[in-house]
Amino acid sequence: MTRYILITGGKGGVAKTTTAVSLGCALNFFGKDVTVVDANLTTPNVGIYLGSPVVPINLNHVLQGKNHISEAVYIHPTGTKIVPASISLDDMKNTKPDRLKQVIRGLKGLTDFVIIDCAAGLGKEALLAIDASDEIIITTNPEMPAIADALKTIRVAEDMGKKILGVVVTRYRNSNDEIPIENIEALLEHKVIAIIPESIEIKESLALRDNVIYTHPTSDASVSYKKLASELCGAPYIDERAPIKPDYFSKILRLFGVR
């Protein structure tokens with residue numbers, strides 16, 4: 001069964017695209033077939049994040065009725081699939097955003113997870129992306145403006161009958177000037193399911209046209225996204241930073257000088 005999960009939050013700059021791509025790559029790390037769809041038609045970035053800013057067939061072409069969405073799927077070297085939207089203003093012409101849900105449902109049965117990135121705010125594009133999804137992950141920074149916008153998004157999504165999986169707090173610095181995690185949960189009335197620290201590694205991975213899951217696999221950000229993916233797909237995750245503990249038999253052998 002294909003799961004359709006939207007990454008949204010209302011405010012711009014809260015790492016929606018970073019979370020969509022990183023969660024997609026993290027699910028792929030666990031062997032899941034994942035397709036990340038860039039439903040931010042006005043200012044798309046998924047292709048840019050993974051080194052495919054310009055492709056022969058993109059989501060705009062599909063929404064124009066020229067192609068099936070399966071023809072707009074591209075496989076990143078890591079194995080994660082993406083459906084980029086066009087960065088060209090010309091491709092905005094004749095694009096029919098109202099077809100988004102119908103078009104995205106064309107991936108049903110072809111992939112385990114469809115992770116949808118969307119535009120900031122609660123304009124038409126964002127609402128169409130919410131409608132096209134079944135489940136929602138809310139992204140926010142630990143700052144009041146972002147939290148206020150996240151709350152609006154939650155209320156709209158719930159009114160549309162969507163399931164809120166939880167909140168991802170990004171760019172977290174554990175600083176006194178940030179809203180505490182327990183307060184964020186109280187304000188949004190939903191559990192914080194991942195805390196992503198402020199990370200230079202994420203910026204470095206973008207420069208490499210890759211994702212932090214693969215460029216910096218043991219970074220705090222990468223581990224946080226993997227733990228979230230582990231919870232979503234039910235696959236166990238052992239923190240790669242943890243020292244490997246020798247088993248009991250190995251200890252006995254070393255005791256007798258065998259190993």
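In case you missed it, the structure is sitting above this.
Residues numbered from 1 in each chain as written. Predicted model: local features only at pLDDT ≥ 70, side-chain atom pairs only at ≥ 80, totals over all residues. Heavy atoms only, no water.

**Quick look at the pattern of salt bridges**
Step number 1: Summed over the entire model, instances satisfying the criterion amount to 11 salt bridges.
Step number 2: Of the charged contacts in the structure, one is a salt bridge between Lys152 and Asp149, with a shortest N-O distance of 3.7 Å. With Lys152 and Asp149 both in helix α6 (residues 144-159), this residue pair falls 3 residues apart, about one helical turn.
Step number 3: Overlapping salt bridges bring together Arg155, Glu158 and Glu189 as one network. (Salt bridge = Lys/Arg side-chain N within 4 Å of Asp/Glu carboxyl O. Helix = DSSP H or I, 4+ residues; strand = E, 2+ residues; numbered from the N terminus.)

**A few points about the environment of Thr139**
Step number 1: Inspection of the secondary structure puts Thr139 in strand β6 (residues 135-140).
Step number 2: With a relative accessible area of 0%, Thr139 lands in the buried category.
Step number 3: Residues Thr139 and Val167, 28 residues apart in the sequence, show an inter-C-alpha distance of 5.8 Å.
Step number 4: Other than its neighbours up to four places away in sequence, Thr139 contacts Ile7, Thr8, Gly9, Val14, Lys16, Thr19 and Val168. (Buried < 20%, exposed > 50% of the residue type's maximum accessible area, 1.4 Å probe, protein only. Contact = heavy atoms within 4.5 Å.)

**Brief notes about the packing of aromatic side chains**
Step number 1: Throughout the structure, instances matching the rule amount to 3 aromatic pairs.
Step number 2: Taking 5.1 Å as the distance between ring centres and 85 degrees as the angle between the ring planes, the aromatic pair formed by Phe29 and Phe30 counts as edge-to-face.
Step number 3: According to the relative accessible area criterion, Phe29 is partly exposed, its value standing at 36%.
Step number 4: Classification of Phe30 by relative accessible area gives buried; the value is 17%.
Step number 5: Note on Phe30 and Tyr237: the rings are 6.0 Å apart at their centroids and 85 degrees apart in plane angle, and the pair reads as edge-to-face. On the criterion of sequence distance, the pair formed by Phe30 in the loop between α1 (16-29) and β2 (34-38) and Tyr237 in the loop between α10 (220-233) and α11 (248-255) is long-range, its members being 207 residues apart. Residues Phe30 and Tyr237 agree in their burial class; the two are buried.
Step number 6: Taking the ring centre of Tyr4 as reference, the NZ or CZ of Arg105 above it sits at 4.0 Å.
Step number 7: Between Lys226 and the ring centre of Phe29, over which it is positioned, the NZ or CZ distance is 4.4 Å. (Phe/Tyr/Trp six-rings, centres within 6.5 Å; stacked < 30°, edge-to-face > 60°. Lys NZ or Arg CZ within 6 Å of the ring centre and 35° of its normal.)

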